[in-house]
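Each chain is listed here by its residues.
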Amino acid sequence: CCAMLDDADKRDDLRKYLEEKGIETRPTFYPVHTMPMYSHKYQKHSNAEYIAYRGINLPSFPAITDEEQDYVIDAVKSFFNER
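Being a predicted model, the structure only gives us computed values, none of them experimental.

About the thresholds
Residues numbered from 1 in each chain as written. Predicted model: local features only at pLDDT ≥ 70, side-chain atom pairs only at ≥ 80, totals over all residues. Heavy atoms only, no water. Helix = DSSP H or I, 4+ residues; strand = E, 2+ residues; numbered from the N terminus. Rg over C-alpha atoms; globule rule 2.2 N^0.38 Å. Areas by Shrake-Rupley, 256 points an atom, 1.4 Å probe, with all protein chains shown as cover. Salt bridge = Lys/Arg side-chain N within 4 Å of Asp/Glu carboxyl O. Buried < 20%, exposed > 50% of the residue type's maximum accessible area, 1.4 Å probe, protein only.

Visitor: Break down the overall build of the protein for me, citing the residues and quoting the values.
Guide: Across its full length, the protein holds 4 helices and 3 strands. In sequence order, the protein lays out its α and β elements as β-α-β-α-α-β-α. In terms of overall size, the protein is more extended than a compact globule, its C-alpha atoms giving a radius of gyration of 15 Å where 83 residues would be expected to give roughly 12 Å. Carbon and sulfur atoms provide 52% of the accessible area of the protein, an area that totals close to 6000 Å².

Visitor: Give a description of the pattern of salt bridges that names residues and reports values.
Guide: Inspection of every chain in the model, using the stated rule, returns 2 salt bridges. Arg-11 is the salt-bridge partner of Asp-12, the closest N and O atoms lying 3.5 Å from each other. What makes Asp-12 partly exposed here is its relative accessible area of 42%. In this structure, the salt-bridge partner of Glu-49 is Lys-44, at a minimum N-O distance of 2.7 Å. For Glu-49, a relative accessible area of 7% gives the class buried.

The quantities given are spatial measurements derived from coordinates; they are silent on function.
Structural data, given as structure tokens:
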């Protein structure tokens, strides 16, 4: 599962906040056109960049419990309620 933030700067703040609560996250993906093997022919792909710099992957796996999901959801809500 992933989340998308309106502000790219908040993404890193949210990731740090969740990490402090023991919740592992990852950026959604890095656009292929920005990787070293392709960057020499740089092209702009605005939608891919928008998603990449604002999205995070939240914990999701087949054995995640309802309690674990609720913990993640509550932590994300808390982040936004405190700001």
